[in-house]
Amino acid sequence: MQPRDDNMALNYISFEDIQKVLNFKNLIPCMESALAKFSNKTAVQPVRAVARIKDKNGFLAAMPAVSPEDGAIATKVLTFFPENKNCPTHHAIIIVFNPETGIPEVLMDGDVITTMRTAAVSAVATKYLCTPHPRILAILGAGVQGESHYHALTSTFEFTQVRIWSRTTENSRKLAEKVGAITCQTAEEAVCDADVIVTATSAQTPILKSNWVKPGVHINAVGACCPDWQEIEPELMRSSVVYTDSREAALRESGDVVISQAAIFAELGEVVIGQKEAQRTKTTIFKSLGMAIEDVLSARLVCDLLAKADDQVKVPVQDRTQS
Ligand SMILES: NC(=O)C1=CN([C@@H]2O[C@H](COP(=O)(O)OP(=O)(O)OC[C@H]3O[C@@H](n4cnc5c(N)ncnc54)[C@H](O)[C@@H]3O)[C@@H](O)[C@H]2O)C=CC1
Ligand SMILES: O=C([O-])C1=[NH+]CCC1
């Protein structure tokens, strides 16, 4: 067997390079298309492989996906260590392969994409499932996703008020001051009368109760990605119209779905392709777990944007074994 020659060395795309080109304006339509391709089955994506790390209360996950029509073959590898104190709780890399040869070509940071694509997907869910002209947004959780959801949702809707609650008030105050939102002392106070709610915490037991929310609210439930973790009170799950990114993944990974035994009405992608109804006037929950196809098509978008913006960053799409 021969060693890889220099011509086949991996290109690296950094956190900073990705931040330069990715924004919610280009990412949200890309995520809408990813959801559609997943649900109409033009993309191939198994449920991720998760190895739980018991002593850290976290996991290591491998998230491969392929979209033949985009020439996109890639996998994200992610760790989630929710008890980390002085560094982020999620870390990820993405490996992009040549669609003709399968040669690994690009290694890229996966943190920016994880952060932004999750909120972009929630923006798509909100666009389809919330009542027209939502006024009040409530965000529960003031971490990385809380902040990213603030930006994605306020770039898409004109809210008159954004409220933030976090278990640690100092954190919600910091984020609220940074973005110009209101800090709430309790989750109940934050969600009262809200039109759109985001739950983006590492809670393992419900933080959002049924009798706090107004009928017709749309909820993006982003945390609780393990089958024994919950963010939403089971009664609220059962009394709402529940949408998921992947039905199969939700039945395996979502404690909110598994424990409550709430019925899943549709995948969000099925709504995007017009196969299932968007029940906007009812209380709706989008149970997000995160899908590899979102990462893979975000990575494809970043490669295309960088190739356009700067030919110093070489983003190969050709079969380099021929050169
Ligand atoms: N659906 C998806 O695609 C994705 C979901 N996630 C999930 O979203 C959640 C938030 O992620 P990040 O913002 O990146 O994490 P983070 O670590 O930056 O923030 C976590 C937030 O949850 C709060 N929190 C932790 N334990 C809590 C508890 N017991 N009760 C109430 N609040 C609690 C923290 O104070 C903090 O505000 C996590 O569960 C994460 O796994 C993250 C990325 C993608
Ligand atoms: O899809 C994703 O990247 C994640 N889902 C839950 C934790 C991270």
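Attention shifts here to the site of ligand 2. In the neighbourhood of ligand 2, the contacting residues comprise Arg48, Met63, Lys76, Leu78, His90, Thr114, Arg117, Cys225, Leu289 and Gly290. Here an oxygen atom of ligand 2 and a side-chain polar atom of Lys76 are 2.7 Å apart. Between a nitrogen atom of ligand 2 and a main-chain N or O atom of Leu289, the distance comes to 2.8 Å. Considered on its own, ligand 2 offers 250 Å² of accessible surface; in the complex 92% of this is hidden by protein. Secondary-structure elements contributing two or more residues to the shell around ligand 2 are strand 4 (72-80) and helix 3 (111-129). Of the residues that constitute the shell around ligand 2, the class distribution is four nonpolar, three polar and three charged. Residue-level mapping places the shell around ligand 2 at the junction of two domains, with at least three residues from each of domain 1 (6-113 + 293-307) and domain 2 (131-291).

Side chains of strand 12 (residues 241-244) alternate between two faces, with Val241 and Tyr243 and Val242 and Thr244 buried alike. Direction of pairing for strand 12 relative to strand 14 (residues 284-287): parallel, over a ladder of four bridges. Looking at the pairing, Tyr243 lines up with Phe286 of strand 14. Note: strand 12 against strand 13 (residues 264-267), three bridges, orientation parallel. Its bridge partner being in strand 13, Tyr243 is matched across the sheet by Ala266.

Attention now goes to the domain arrangement of the chain. In terms of domains, the chain is made up of domain 1 (6-113 + 293-307) and domain 2 (131-291). Placing a centre on the C-alpha atoms of domain 1 and another on those of domain 2 gives a separation of 23 Å. Between domain 1 and domain 2 lies a buried interface of about 2,000 Å² when both sides are counted; carbon and sulfur atoms form 62% of it. Its largest share of buried area at the contact with domain 2, domain 1 owes to Phe24, Val47 and Arg48, together 28% of the area lost on that side. We note a salt bridge from Arg48 to Glu253, for which the minimum N-O separation is 2.8 Å. Counting across the domain 1 and domain 2 interface gives eight residue pairs in polar contact (both at pLDDT 80 or more). For the side of domain 1 that touches domain 2, the elements supplying multiple residues, two or more each, are helix 2 (24-39), strand 2 (49-53), strand 3 (58-67) and helix 11 (292-309).

Analysis parameters
Residues numbered from 1 in each chain as written. Chains lettered and ligands numbered in written order. Predicted model: local features only at pLDDT ≥ 70, side-chain atom pairs only at ≥ 80, totals over all residues. Heavy atoms only, no water. Near = heavy atom within 4 Å. Polar contact = N/O pair within 3.5 Å; in protein donor to acceptor, adjacent residues only side chain to side chain. Areas by Shrake-Rupley, 256 points an atom, 1.4 Å probe, with all protein chains shown as cover. Helix = DSSP H or I, 4+ residues; strand = E, 2+ residues; numbered from the N terminus. Nonpolar A, V, L, I, M, F, W, Y, C, P; charged D, E, K, R; others polar. Domains from an automatic or database assignment. Buried < 20%, exposed > 50% of the residue type's maximum accessible area, 1.4 Å probe, protein only. Pairing = 2+ DSSP bridges. Buried area = accessible area lost by both parts, 1.4 Å probe. Salt bridge = Lys/Arg side-chain N within 4 Å of Asp/Glu carboxyl O.

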